[in-house]
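# Inside the fold
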Amino acid sequence: MLSSRAFASVFFALCLLAAGAVRVLAYTPTQVALDNVWLNFTSSSNPAGAPWLPHSTYADCLDETDGLRVTPRGVAGESWVSATVTGPDTIDFMWALSTAAPNTLTCSIDGVVKVSCPARADLQWYYAEVTVPAGQHTIRWNYRQAGQDGSRVLLDRVSNSFDNWPSLTSSPSLQVLLGEAVTHSFTTKQPAISWNVYWDSLPPGLTLDAATGQITGVPLEAGFWRPLIRISSVNYALYYRIGIQVLDQPTLLSALESPGLQFTTTASDGISVWQPQARGSRDDGDCIVAGAPPPERVSAPFLPGWSSISTEVDGPDEMSCWIRVANGRLTMTLDDKEFQALRAKRSTSDWQRVWLTIPSGRHRVTWKYEPFKGRTPTAWLDEVRLRSDGRIFLQQEPVVKVQENGTISHSVPRAGTAVVWSSSGLPEGLLVNPGSGAITGTPVKRGVWNARLFVDGNSGDHDDVLMLIDASISPMEALDLPKSSWNTGVEPGANWFGQNALTHDGVDAMRSPPTPPDSARSLFTTILGPATIRWWWHIPVASDGDGCVCALDGAAVLAQITGVNAWQLATVSIPGGIHQVSWRWRTDAAGDPAAEAIILDQVSIVP
């Protein structure tokens, strides 16, 4: 009986004959190694003498037979393999970059980089494809080595769009979690009629469906397996060494709950990458946490260290994720263009949901974290979700406002099939329809509330989103000062709001918004003096260091109140001219931002 490697070699030779090849020996070793006899490959390097070479080392083989790899060397430089392609065409391939150094592996068309290979400390194969426009073009796989430390760089199964083999069109590697259910399907270029484990075995507890190629089950043992899988179509059979890693801890993929995406993580020091953790998410489940690399430069100008995690997404689509920042700065970019930057948020909810629209084509999404002076804790990322992945997908964080007649009627846009809707934190008088998700009713009290909307899908999936219920009263009405104009600060969540839960006149009053520790929120108006201004103010809940100051033109203190205080009347004089009067509520490091507040009522101005 032939060994698996010998059988695969004989099989590929037969495939070439079936494709019209009369003299197998006429093909170059590189064409045979890359399983493509239609392209003429050349390889070179700078410095010279280190071209890519065919190999048959078992540990570096994808198809059990051969492949192409970079020649090791101990100096900085680059090496490449290239070919001329006549388009329009699509070239797909498998590649791997195993390195701890800042080395890179890219594929370009006519010198323009189209895709980069994810870098990993261990060896993992990835699938990639590039589109070649009409006419003749040069495709080039380029390895760049930054210093003396080299990498394992591998390339195999280079395929054209007209190939009719059942070759894989997804990465032949997966990570699963010990004891958790697995459902994974590989995709192929041409339909496969059968799948089977030809050599070695799957992890205990997992099975391969012979008709669909789907791997299912619950893994019973941690470790790494490389079974040889045979994929058969009507005319051909191909062989792949599938890498299956069973971990007894969360992985990047499992922690982010993102089927169909692949994530890579790097850091400025090469060590402090993003890591999965078993606890710490919004529901005390798993998530991933950013590393805290030291600064790249301490002397002026200061340059912080960074850690980043990236994935590639095919658009058009929409992505959402949950982010928490404890200190420092987290930037979310699309194709290296900044979309949003987030800093620490310590008010009513420290987890924030972000949505990103993905345009047509393939795009790279990156989360880059820069710590503040290398401090920990750092930042967290959880539940990266695509609108296209078939799960329930809520498309916005809604602001639900009261209508002119005092009622509320609002539905949140979503994708996917919803089954049951529910909520928490809705004010009295409002309900969510369990079948439609519509939020309706008339609030018993007026004000602003934070609530959460939950939805379960028809396949066991679920989603949730924060909501702002805005049934506030206008400042003119709440402060009893008609024809007046009021503004709030520019900080996020800085809007003071009219409400009727705590008042002096028994009707309505103005309340400061939830204010993070060691922060301030301001309310402004403009007054023509000379005049006398009077108002009532009250601090129902506060820490000792909390207080409110009334200031003239942002400088002179006209009145102040600190700590918990009953309703007090304040009267101040405004000099002649146009002046800005502000009420600035400031909190200390203690207390509950959602409960602590200053209440203003019955403002009057006497010329």
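It should be noted that the structure appears before, not after, this text.
Definitions and cut-offs
- Residues numbered from 1 in each chain as written.
- Predicted model: local features only at pLDDT ≥ 70, side-chain atom pairs only at ≥ 80, totals over all residues.
- Heavy atoms only, no water.
- Helix = DSSP H or I, 4+ residues; strand = E, 2+ residues; numbered from the N terminus.
- Contact = heavy atoms within 4.5 Å.
- Polar contact = N/O pair within 3.5 Å; in protein donor to acceptor, adjacent residues only side chain to side chain.
- Core = buried A, V, L, I, M, F, W, Y, C linked by side-chain atoms within 4.5 Å.
- Buried < 20%, exposed > 50% of the residue type's maximum accessible area, 1.4 Å probe, protein only.
- Pairing = 2+ DSSP bridges.
- Disulfide = S-S within 2.5 Å.
- Lys, Arg positive; Asp, Glu negative; His and termini not counted.
- Salt bridge = Lys/Arg side-chain N within 4 Å of Asp/Glu carboxyl O.

Positionally, Thr 407 belongs in the loop between strand E28 (399-401) and strand E29 (408-410). Along the backbone, Thr 407 and Thr 104 are 303 residues apart, and their C-alpha atoms lie at a distance of 58 Å. Not counting chain neighbours up to four residues away, the residues in contact with Thr 407 comprise Val 402, Gly 441 and Thr 442. A polar side-chain atom of Thr 407 sits 2.7 Å from a polar atom in the side chain of Asn 405.

By size, the foremost hydrophobic cluster in this structure holds 29 residues, and its most contacted members are Trp 496, Ile 533, Trp 535, Trp 537, Trp 583, Ile 598 and Leu 600. Counting only elements with at least two residues in this core, the list comes to strand E39 (520-539), strand E40 (547-552), strand E41 (556-562), strand E42 (565-586) and strand E43 (599-606). Top element by residues in this core is E39. It accounts for seven residues.

With that out of the way, let us pick up the pairing of strand E25 (residues 352-370). Note: strand E22 (residues 307-325) against E25, 16 bridges, orientation antiparallel. Bridging from a neighbouring strand, Asp 314 pairs with Arg 362 of E25. Relative to E25, strand E23 (residues 329-334) runs antiparallel, the two sharing six bridges. Opposite Met 332, over in E25, you have Trp 367 as the bridge partner.

A word on the state of the cysteines. Here is the idea: a disulfide is a covalent bond, and it sits between the sulfur atoms of two cysteines. Counted by the stated rule, this structure contains zero disulfides. Looking at the unpaired Cys 287, the closest cysteine sulfur is the one in Cys 321, lying at 13 Å.

Note on placement: Asp 317 falls in strand E22. Buried charge Asp 317 goes without a salt bridge, the closest partner of opposite sign being Arg 387 at 6.3 Å. Separated by 3.4 Å, the side chain of Asp 317 and the backbone nitrogen of Arg 387 make a polar contact.

Let's shift gears to the pattern of salt bridges. With the rule as written, the count across this model stands at 16 salt bridges. Among the salt bridges present, the one from Asp 122 reaches Arg 120, with a minimum N-O distance of 2.9 Å. Judged by its relative accessible area of 33%, Asp 122 is partly exposed. On the basis of relative accessibility, which here comes to 16%, the residue Arg 120 falls in the buried class. Here Asp 463 ties to Arg 353 by a salt bridge, and the two come within 3.0 Å at their closest N and O atoms. Separated by 110 residues along the polypeptide, Asp 463 in strand E35 (residues 462-471) and Arg 353 in strand E25 bring together distant segments of the chain. Residue Asp 463 is classed as buried on the basis of its relative accessible area of 2%. Residue Arg 353 is classed as buried on the basis of its relative accessible area, which comes to 7%.

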